[in-house]
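Chain by chain, the residues:
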Amino acid sequence: MQLQSSEQMQIDAPQTIGDTPLTKPDDWEKLGYYDIKAHVGCDEYSNDLLKPLPTLADWEYLRSKYIEIVDKHAIFDDPVPPTEGYTFDENGPPPYYAAHGKHGRGVFASRDIKRGEFVQDGNKGDIEFPDGEAWRRYVFSLPKNRACDILAWTWTQKKSREGKWKIYFALNISILFNGAYDGDANIRPSSSISSRFYALRHIKKGEELLYDYGVYDTVWAKVGLETKAERRRRGQQ
């Protein structure tokens with residue numbers, strides 16, 4: 001999906017989203033991930049299993065805000081619309097689609113997937129934040145429900161053993177993978193520093209794709225998103 005410019009998107013977005021940005025507390029620049037989550041108050045929205053799937057307008061709005069707030073040089077030019085994922089290979093989008101299931105919004109196999117088959121390539125769809133400050137500015141530029149989405153969709157990861165911890169999210173349906181419980185994961189990245197996912201077993205068409213969120217460590221303090229209480233314990237203001 002070619003996103004030509006943030007200016008045109010900003011004209012259309014308010015009519016589509018129909019909400020206003022979050023109110024920033026006075027100390028918003030010092031808030032950590034969990035501080036912001038508590039301030040926004042996402043429990044009702046997060047627990048709503050019937051909340052709608054993001055529309056094309058929603059994805060384009062979030063992308064335009066990323067260009068406006070975080071990186072004015074960012075380009076989202078994948079010919080596959082975010083409602084279908086991204087260009088997985090020369091044949092088109094990845095082998096899944098977004099729909100509602102027992103976990104609410106999720107991602108489901110669009111065909112049978114063989115054990116060991118390559119399923120998802122985060123290297124093509126994941127988006128990096130330069131630091132915690134940029135992430136905070138982005139979240140507080142959004143209306144509440146969209147901010148709640150970003151809070152749920154953000155994770156931390158190192159892409160190499162010696163690399164730095166970075167903040168990541170994605171702005172296509174690949175971000176809707178739900179977490180696995182009680183050993184029901186059916187996809188997994190090759191390692192904690194990889195964003196390439198493979199099938200752990202044969203997956204039938206229509207089956208939800210799930211992975212263990214614990215594969216990626218959550219280290220908000222390493223990316224500038226420690227809580228105010230954690231910062232005080234370290235003797236910082």
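Just so it is clear, the structure is predicted and the values come from calculations on it, not from any experiment.

Focus on the sheet that holds strand β9 (residues 196-199)
Pairing is antiparallel in the open sheet, where 3 strands are placed in the order β3-β9-β8. Of all strands in the sheet, those with a lone pairing partner are β3 (118-121) and β8 (187-189), marking the two edges. Here the strands of the sheet are splayed against their neighbours by 30 degrees on average, with no regard to which way each runs. When β8 meets β9, the two strands line up antiparallel, connected through 3 bridges.

Regarding the state of the cysteines
Per the counting criterion, the structure on display carries 1 disulfide. Put simply, Cys42 and Cys148 are joined by a disulfide, and their sulfur atoms are 2.1 Å apart. An S-S torsion of about -90 degrees defines the bridge between Cys42 and Cys148 as left-handed. With a gap of 106 residues between them, Cys42 in the loop between α2 (33-40) and α3 (43-46) and Cys148 in helix α7 (residues 144-153) connect regions that are remote in the sequence. Neither residue differs from the other here; Cys42 and Cys148 are each classed as buried.

Some details on the sheet that holds strand β6 (residues 166-170)
Taken in spatial order, the 3 strands of this open sheet run β4-β6-β5, and their pairing is antiparallel. The two strands at the open ends of the sheet, each matched to only one other strand, are β4 (126-129) and β5 (155-157). Direction aside, the axes of adjacent strands within the sheet are offset by 45 degrees on average. Bridge analysis of β5 against β6 gives 3 bridges, and the strand direction is antiparallel. Bridge pairing links Trp155 to Tyr168 in β6.

Each value, and the rule that gives it
Residues numbered from 1 in each chain as written. Predicted model: local features only at pLDDT ≥ 70, side-chain atom pairs only at ≥ 80, totals over all residues. Heavy atoms only, no water. Pairing = 2+ DSSP bridges. Helix = DSSP H or I, 4+ residues; strand = E, 2+ residues; numbered from the N terminus. Axes fitted to C-alpha atoms, helices over the stretch in contact; angles between N-to-C directions. Disulfide = S-S within 2.5 Å. Buried < 20%, exposed > 50% of the residue type's maximum accessible area, 1.4 Å probe, protein only.

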